[in-house]
Structure formats: structure tokens, C-alpha cells
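Coordinates in review
In case you want the letters, here they are:
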Amino acid sequence: MTMNRRSALATGLALGGAAWLAGPRNAAAQPGQAIRLGVITDMSGPFADLAGQNAVAATRLAAQEAMAASPGLRVEVLAADHQNRPDIGSNIARTWFDREGVDALVDVPASSAALAAAGLAREKNKVYLASSPGTAELTGAQCNANTVQWTYDTWMLANSTGGAMVRDGGDSWFFVTADYAFGHSMEAEATRFIQAAGGRVLGSTRYPFPATTDFSAFLLRAQASRAKVIGLGFGGVDLVTAVKQAGEFGIGRRGNQRLAALILFITEVHALGLPAAQGLVCSETFYWDLNDRTRAFSARLKQGFGTPAPTMVHAGCYAATLHYLKAAVAMGVGAAKASGAEAVARMKAMPTDDDAFGPGSIRIDGRKIHPAYLLQVKTPEESRGPWDYYKLLQTTPAEQAFRPLGEGGCPLVR
């Protein structure tokens, strides 16, 4: 297990650009008090590029901007690699809560690890700010008053893309799915939207996650199904590997079958290259080149930490951390440290606004609400330069982008 003991940000840097609703000045931190954030992420596995060190950098940027905006506030950031294992993630989180005084967990990729982190945050009355995990259970049956799910979830992805390919002629599907909670959830949600649009799911196969590097058997089974669309229910390095191997079998390149990336990050497009990735359609809630504010945030992250174009996970770590720190200042750092549930309640009561996602809100179930964007990977000829990879096809408004509040089964919803 890799764990950086402590990365303390003792002084704020005037980096500007983020909206800040500080509230009364006397609500800032008392001398000697510091908010401690613990970023648990994947530093060495399949999610290292889409989360990893740059998720830590985005969290640190939010801390710097918060301290610059609120004199007296001190924020410390710890970081650790959980290797995508819920047991390791839980051990890190428990140690941080019990011995290191960590007030909030940030990120935690892999849905099984995320659900464990959410349960532990509730047990210890701390805060969990989820960016990487996509399982909709975090705001569904397993929701709690201490967790905010910021960036995306499987319902959003399926809602935005699941029916689109059916309407475009891809009315039969076969899934290759990662065998863990997120993959299962993604397949189930996509199936529902595909069937609602009049499509059929002919079957599926699941591969051991994260222990698979050869996808040939799974891809050949999908190819043999003769489904018009092969849905890939996973992301990260696995997706890059699978798309490359699918090309070796002619899948997605001969017109007889199409590949659908049910989740795709810009880092994966970069790893594949535009010749291999061109034409793929995906849904995201953030793109660095979407507007002036997203470009400004991305420029600050690059200037401060050398980070290339951020993923929506990096953006979520930044935005969720910034809003949590706004809430902590507004209610008083002592009160925020005393009760994670009260801190999350204050986050929900305050409108959100940041350069990564713009204005939004957090529902009672912990679901952060903002628009979703249907994007298509550009051809090499369409790209104007480095990381210019997406073109916007359509926008789903915030109030339609995520699962309706009454359908998730969250016990907080009365």
C-alpha cells in the first residue's frame, strides 16, 4: 500500500477564478484548526489516468483557492493508493478517521470500494465526496446523509447514450462487462434504456476485474452473437486494451458491428489516438474545452500542477472539495469537523457554482445535479490541436440528466 503521510497546504495561493460564497468572516477557521481531506484513489491500476495523481492535484487546487478566498482557513491534503480493493480502501479510511483526524474522503474509484467508504463515513460521521465511482447505489438504496456523489453515475450514462444508438439503428446489443458493482449497474441501466427505445439485448459476458489483460475470448463471444452493437461496460486502461484488441478482430471497423463505450474518458481517447477512437459516442458532465469557465479551470490546474486536460473525475474532485470547504467556512470549521452529516446538510442547502460545472445543486439523496453532454470523438482531420478530441452533439438539462428523486429508493427521501 502506498500512502503519502501528509501534504500540508499551509498558505493559500491567489489563483482566482472560482466563485466563493464565504459567508460571515467570523465563520472561518479558528487558530490551530485545519480541515483535513483524504484523497483515496488509484495511483497504479486501470483508473490511474482518469483519477490518480491528477485527482489529488485537483483537490489541492480547490484547497488552495479556498484558503486564498478565506483568510484563516487551513486545509491539509493526504493521498493514498487503494489498489482498487475495498479492504485496503476501508483500512486507509478507518486509519485516517481514527488516527489522522481526516474530516472528508475524496474520490475512491471502484464502486465496491466507494460503497465501503460511504458506509464508513456514515459510521464515523465524516464526509465522503465521491467523484470516480459511478454506481447509482450511492444515491439509491445505499444512500446516506454523509455522502455526496458529484460527477456522474450509471443512470446518467445510460440515460444519455443507451437509447441513442438504438434510434440510430443499433437495435440489438451484446455486453462485455466488468465483473464488479459498477459494471453490473451500468449493464442493467443500459439494458433498461435500450429496451425502452425498442432495442434487444442478446446476451452478455463478464470478465474478472481488475485481473484481465486479454479480452479476446470475451470479444469473440460478443462477435459471435451477431449483435449490431457490442457494449463495453467498463473504462480506464481496460477499455483502451479492449478497443485495440477489438480492432484486431475487425470489430467496429468493418461496419458489421459497432462498439459502444458506455463510459469513456478523455484520457482513454488520448491513449487510443483519434484514428482508433474516432466516431465513438459517449456522455460526460465535463469537457475542458466546453466554455470559458472550463478552459479557465483547466488552465489553472495545468499551471499549478502540470496536469494535462482534466477528466470529469478530476473536475469532480475539484468542485466537490471546493463546495465542501465553502460549506465548512459558512457553518464554522469547528462545527463542520464535529459532524459530517451537518456539513453535508449545509452543502445541500447552498447552491453550487464553480468553473468546472457552473451553477447547480445537491439533492436530498446526495446526488449533485448538473447537465450531461453527449459527445462524439472527432476525426483526426477535425481536431485543431492537442486534446481537442470532442464535439458536442447535444445537452441534457440538469433536471433531466439524472435519475428522478423518487425512483432511487434512497431512505432519506420521504
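The structure this text deals with has already been given above.
Residues numbered from 1 in each chain as written. Predicted model: local features only at pLDDT ≥ 70, side-chain atom pairs only at ≥ 80, totals over all residues. Heavy atoms only, no water.

Looking at the sheet that holds strand β11 (residues 281-284)
Read from one edge of the open sheet, three strands run β11-β15-β16, paired in antiparallel fashion. For this open sheet the edge positions go to β11 and β16 (390-396), each flanked by a neighbour on one side alone. Pairwise comparison of adjacent strand axes, ignoring direction, gives a mean angle of 30° for this sheet. Alignment of strand β15 (residues 372-377) against β16, held across six bridges, turns out to be antiparallel. Across the sheet, the residue bridging to Tyr-373 is Thr-395, located in β16. Contacts between helix α4 (residues 154-161) and the sheet are confined to β11, β15 and β16, with β11 contributing the most and set at about 135° to the helix. (Pairing = 2+ DSSP bridges. Helix = DSSP H or I, 4+ residues; strand = E, 2+ residues; numbered from the N terminus. Axes fitted to C-alpha atoms, helices over the stretch in contact; angles between N-to-C directions. Contact = heavy atoms within 4.5 Å.)

Considering the pairing of strand β2 (residues 35-41)
With seven of seven residues buried, β2 is to be regarded as a mostly interior element. In terms of strand pairing, β2 meets strand β3 (residues 75-81) through seven bridges, oriented parallel. Its bridge partner being in β3, Ile-35 is matched across the sheet by Val-75. Taken together, β2, helix α1 (residues 52-69) and β3 constitute a β-α-β crossover, and its handedness is right-handed. (Buried < 20%, exposed > 50% of the residue type's maximum accessible area, 1.4 Å probe, protein only. Right-handed = clockwise from strand over helix to strand, strands pointing away.)

Concerning the pattern of salt bridges
Side-chain pairs of opposite charge can arise whenever the charged atoms involved come near each other. By the definition in use, this model includes 21 salt bridges. Glu-76 serves as the salt-bridge partner of Arg-74, at 3.7 Å between the closest nitrogen and oxygen. A residue is classified by how much of its surface remains accessible, and Glu-76, at 10% relative accessible area, is buried. Between Asp-171 and Lys-228 there is a salt bridge, with its nearest N and O atoms 3.0 Å apart. Within this pair, whereas Asp-171 is found in the loop between α5 (164-167) and β7 (172-178), its partner Lys-228 is found in the loop between α7 (216-224) and β9 (229-233), the two being separated by 57 residues in sequence. The class for Asp-171 is partly exposed, based on a relative accessible area of 30%. What emerges from the salt-bridge pattern is a single network uniting Asp-289, Asp-292, Arg-295, Lys-378, Arg-384 and Asp-388. (Salt bridge = Lys/Arg side-chain N within 4 Å of Asp/Glu carboxyl O.)

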